[in-house]
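Descriptive structure summary
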Amino acid sequence: MFFTISFISNHPFAFAEEIEPSAEQYRFKGYEEYKRGNLTDSLYYYNKAVDFGVTDASILNDLAVLHEALDRPKEAEAYYLQAIEKDKFCLPVYTNLALYYKKNGPKGKQFST
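Description of the structure in this document.

Conventions and cut-offs
- Residues numbered from 1 in each chain as written.
- Predicted model: local features only at pLDDT ≥ 70, side-chain atom pairs only at ≥ 80, totals over all residues.
- Heavy atoms only, no water.
- Salt bridge = Lys/Arg side-chain N within 4 Å of Asp/Glu carboxyl O.
- Helix = DSSP H or I, 4+ residues; strand = E, 2+ residues; numbered from the N terminus.
- Buried < 20%, exposed > 50% of the residue type's maximum accessible area, 1.4 Å probe, protein only.

**Comments concerning the pattern of salt bridges**
A full pass over the atoms with the stated rule returns four salt bridges. Where Arg-27 meets Glu-24, a salt bridge forms, and the shortest distance between an N and an O atom there is 3.8 Å. Of this pair, Arg-27 and Glu-24 both sit in helix α3 (residues 23–36), three residues apart, which is roughly one turn of the helix. For Arg-27, a relative accessible area of 18% gives the class buried. Accessibility expressed as a relative area gives 49% for Glu-24, which makes it partly exposed. Note that Arg-36 and Glu-33 form a salt bridge whose closest N and O atoms lie 2.9 Å from each other. A residue pair is termed a helical-turn pair when its members lie 3 or 4 positions apart in one helix, as Arg-36 and Glu-33 do in helix α3 at three residues. The class of Glu-33 is buried, set by a relative accessible area of 13%.

See the structure below:
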């Protein structure tokens, strides 16, 4: 009897909902890798979160910041603008986008969003 229970509980499908990582877990892993300076790994985990269909303003903002750190300014700007489209009240996005425009131009655009 013990062997059967042990075998079933170790089966990969027995508790799939607990084993499957969630979008929020991927986002957290992405953030942890970003803090460690592992930008490529961080991007991987953030993209996995997006694969789950999570595209709220805060994750898009995170992706924009990450793309800036990876020196991909066009992608960063696109993610900032997508984040504003998702939630026009997400203030950190506006701050980051203003700083982005201050650093990358074009002139005067840092106050027009």
